[in-house]
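Working through the structure, step by step
Residue strings, one per chain:
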Amino acid sequence: MAVVDPRGLRPSHTFPAHVLAEIHRAADQGVYEIRGFGTKRPLPGFDDLVFLGASMSRYPLEGYRERCDTGVTLGTRFASRPIELKIPITIAGMSFGALGANAKEAIGRACTAMGTSSTTGDGGMTEEERQSSETLVYQVLPSRYGMNPDDLRRADAIEIVVGQGAKPGGGGVLLGQKITERVAGMRDLPEGIDQRSACRHPDWTGPDDLAIKIQELREITGWEKPVYVKIGASRPTYDVALAVKAGADVIVLDGMQGGTAATQDVFIEHVGIPTLPALRQAVEALQALDVHREVQLVVSGGIRSGADVAKALAMGADAVSIGSAAMVALGCNKAVHVEDYQAIGTEPGYCHHCHTGRCPVGVTTQDPVLEARLRPEQGARWLRNYLTAMILELQTIARANGKSHVLNLEPEDMAALTVEAAAMAGIPLAGTSWIPGKG
Amino acid sequence: MNTVSLSLTSVRELNEQLRGAPDAGSAPGWRVTDPKGAHAVAAGLTGHVQVQIDGHVGYYCAGMNQHAAITVDGHCGTGVAENMMSGIVRIRGNASQSAGASGHGGMLVIEGNAGPRCGISMKGIDIVVGGKTGHMSGFMAQSGNLVICGDAGHDLGDSIYEAVIYVGGSAASLGADCVEKEMTPKHRSRLQDLLSRAGMERDLDRFRRFGSARKLYHFHVDHADSY
């Protein structure tokens, strides 16, 4: 039962405690807040959708016996060597620098064990990462930190990063405290300085240029590797169509809930659109061009469970990508080393202090003492367990809807719980056949 | 000399032949004719081959070059020698925007003029431009040397890190955190070496040196108007 203050103290809705604290901080420091993790505001999302399950008109599959396949192939459009994944969950690009080497190795090992891919990030490819991850996607980012044609050729796919869901239109920041000698060396920059990654590519602007850039990358890699184009969710209808026109094999769409290692809070919370409407718009754009499933769609931003994966696939994605959730599986925000959370001004469950380099659980740090808290073997086991659980959840839902392959899930299997979600996802409001905006 | 006409051979076939070619020395060089503005010509070469291209090329000629010596007897489009790692690329004519973008090593020589953003994001490459450059050249340049024998356009060296820029003419304006620095005997010597390797003779006394003021290396509220 809520306690009523006898003095009648009433918090302001416009100025709640966290807003007051932020104004006080800004007045004190004169600079915007930079932080990691992703958006913290409530947003319409996959929780606002439910599956209908089987009934008289749909036959379910036996939950523990009948096959429900999960394999996907990415890059079938132009590449001579598409990527074969055993599960439709990949690991998103996260840089060595933002993450420590142990975290990158743990991710690589888990991906190899599960038959899926991991992705490099700003700063280039590390040897540990290449050795541990059997299927590795190499990002070509605006900064071109660590960009190397030898690494390009030994990657399994290439991902041209146009934008990121946490900050579409912005480049990254890696604050000086995380720039060790090794990180600085890989990026050709002095040790200890704040590194601001560029927001635009240095040698192309616009979709016509991008088509030529993709041609160059294919020439350099013998037309073997799938070329992904990653976009932040801002104008998916146009961006997806332009990426298709430019020659992408795969489009990676990162919604507003996607994470970051360090960006302005105002960017994270106020730029871009949520994953739910972005995914619908992207699928519609692919369908309008008659390339849905020919150009594969990987969606990321707020994927946490097998249910989220199932809903993304049912809306038309070919696979999903996780970043923040993978970090949580490695121990992010776990209630251990609590005193170290408190030392950087936070608590387990609230931490978004990736930018400080003082990660209490050793995931987003270059500090040798902190990093030693995450052993690659242990981290790989945790992430493998988590991915396994997600796949079991995904198959549970797929079988309940009568699907023998998870890619057979479809919009008709779902209903929306809110008017907003119905409008954004293009899924009928539960108990009706009504999709706002469609009659 | 092996001669390949791009009227008869595709860029893809040409690049495969060049990548499979034995290193120069006893091996003959390559002559490419009729490029007609084709993109990605001689991109991604990895060996010590010598390639002469007769005519104008499109985007990303000699992109990500490793070891090869490539000469373009003509003009070139956007991003010539982008992300070049080593070797030497020489353009007898003019180069469009983003020449040598994010180059990690080797030398890019542009005997004519270069467009905007020449040397953008450069990471160790040496670039020598015989003529002038467009705006925002040396933007976010991290390391290496950019020699501009003529005039530099607006916002030279904006947000520059540790790269060094030499300008023989005038600079229309300097970008954020870019300042003029003393031309020491050490820098004169380096400039002379760069010009010699580029095959250019210039009066060293005309050149000025520019680099980073290093005021933006860490955020400081008093520099907020520069961000």
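You'll find the structure just up there.
Notes on the structure in this doc start here.

1. Describing the sheet that holds strand β5 (residues 88–91) of chain B
All names here are of chain B. On the basis of which strands lie adjacent, the open sheet formed by 11 strands has the order β1-β2-β3-β4-β5-β6-β7-β8-β9-β11-β10 and mixed pairing. Each end of this open sheet is capped by a strand with a single partner; those strands are β1 (2–5) and β10 (178–181). Recorded for the sheet is a direction-independent mean angle of 15° between the axes of neighbouring strands. In terms of strand pairing, strand β7 (residues 123–129) meets strand β8 (residues 143–148) through five bridges, oriented parallel. Opposite V128, over in β8, you have V147 as the bridge partner. On top of the sheet, helix α2 (residues 185–198) reaches β6 (107–110), β7, β8, β9 (164–167) and β11 (208–212); it is set at about 75° to β8, its chief contact.

2. Brief notes about the environment of Y341 of chain A
Residue and element names in this part refer to chain A. Here Y341 shows up in helix α12 (residues 338–343). Taking the number of C-beta atoms within 10 Å as the measure of exposure, Y341 has 23 and is therefore buried. Taking the C-alpha atoms as reference points, Y341 and R293, separated by 48 residues in sequence, lie 44 Å from one another. Aside from chain neighbours lying at most four places away, what touches Y341 is T346, E347, P348, C351 and P360.

3. Re the packing of helix α6 (residues 206–220) of chain A against helix α7 (residues 236–246) of chain A
Axis angle and axis distance: for two packed helices, these are the angle between their axes and the distance between the axes, and together they describe the pair. All names here are of chain A. Relative to each other, α6 and α7 sit at 40°, their axes nearing to 8 Å. For the element pair α6 / α7, the angle class is oblique. Here the hand of the crossing between α6 and α7 comes out right-handed. Taking contact as the criterion, the partners of P207, L210, A211 and I214 in α6 are, on α7, L242, K245 and A246.

4. Comments concerning the nonpolar core
As a rule of thumb, nonpolar side chains are buried together in soluble globular proteins. Ranked by internal contacts, the top residues of the largest apolar core, which has 197 residues, are I251 of chain A together with V147 of chain B. It is helix α14 (residues 376–400) of chain A that contributes the most residues to this core, nine residues altogether. Aside from chain neighbours lying at most four places away, what touches I251 of chain A is V229, I231, V240, A243, A282, V295 and L297 of chain A.

5. Here's the deal with the interface of chain B and chain A
One widely used convention gives an interface's size as the accessible area the parts lose upon coming together. Listed per partner, the contact involves 34 residues of chain B and 20 residues of chain A. Breaking the side of chain B that touches chain A down by element, the ones donating at least two residues are α1 (11–19) and β7 of chain B. When residues in the side of chain B that touches chain A are grouped by element, the largest group, three residues, is from α1 of chain B. Looking at the side of chain B that touches chain A residue by residue, the class counts come to 14 nonpolar, 15 polar and five charged.

6. Digging into unusual backbone geometry
All names here are of chain B. If you check the backbone angles, A40 has positive phi at about 60° while not being a glycine. Of note, the phi angle at A42 is positive, near 55°, even though the residue is not glycine. Summarising the element assignment, A42 is placed in the loop between β2 (30–33) and β3 (50–54).

7. Quick notes on the sheet that holds strand β14 (residues 296–300) of chain A
All names here are of chain A. With parallel pairing, the eight strands of this open sheet are ordered in space as β5-β15-β14-β12-β11-β8-β7-β6. Here the strands that pair on one side only, and so sit at the sheet edges, are β5 (89–91) and β6 (117–119). The mean angle between the axes of side-by-side strands here comes to 30°, regardless of whether they run parallel or antiparallel. For strand β12 (residues 250–254) and β14, the ladder comprises five bridges, and the chain directions are parallel. Its bridge partner being in β14, D254 is matched across the sheet by S300. Each of β5, β6 and β7 (135–140) is contacted by helix α2 (residues 101–114), which is oriented at about 155° to β6, the strand it contacts most. In this fold α7 packs onto β11 (227–232) and β12, with an angle of close to 160° to the strand it touches most, β11.

8. Observations regarding helix α9 (residues 275–288) of chain A
Residues and elements named next belong to chain A. Taking 1.5 Å per residue, 14 residues should reach 20 Å; α9 reaches 20 Å between its end C-alpha atoms and fits that length. Of all 14 residues in α9, 11 are buried, a share of seventy percent or more. Looking only at α9, the buried set comprises T275, L276, P277, A278, L279, R280, Q281, A282, V283, A285 and L286. A positive phi of about 60° marks D290, the residue just after α9.

Each value, and the rule that gives it
- Numbers given for residues are sequential positions, taken from 1 along each chain in its written order.
- Whichever chain is written first becomes A and whichever ligand is written first becomes 1, with later ones labelled in order.
- With pLDDT at 70 or above as the cut-off, local features in this predicted model cover only qualifying residues; side-chain atom pairs require 80 or more to be listed or tallied, and sums for whole chains, interfaces and linings still use all residues.
- For two strands to pair, DSSP has to find at least two bridges joining them.
- The way it works is that DSSP assigns letters per residue, a run of H or I at least four long becomes a helix, a run of E at least two long becomes a strand, and they are numbered from the N terminus.
- Only C-alpha atoms enter the line fits that serve as axes; for helices the fit covers just the stretch in contact. Angles between N-to-C directions range over 0 to 180 degrees.
- It is the C-beta atoms, placed from the backbone, that decide contacts: two residues are in contact if theirs lie within 7 Å.
- Counts of 20 or more other C-beta atoms within 10 Å of a residue's own C-beta define buried residues, counts of 12 or fewer define exposed ones, and intermediate counts define partly exposed ones; C-beta atoms are placed from the backbone.
- Under this scheme an angle from 65 to 115 degrees is roughly perpendicular, one under 35 degrees roughly parallel, and one over 145 degrees roughly antiparallel; angles in between are oblique.
- The hand of a helix crossing depends on one turn: near helix anticlockwise from the far one by less than a right angle means left-handed, and clockwise means right-handed.
- Residues enter a nonpolar core if they are buried, belong to Ala, Val, Leu, Ile, Met, Phe, Trp, Tyr or Cys, and are joined to the set through C-beta atoms within 7 Å.
- In this classification, Asp, Glu, Lys and Arg are treated as charged, Ala, Val, Leu, Ile, Met, Phe, Trp, Tyr, Cys and Pro as nonpolar, and every other residue, Gly included, as polar.
- In a helix, the anticipated span is given by 1.5 Å times the number of residues less one.

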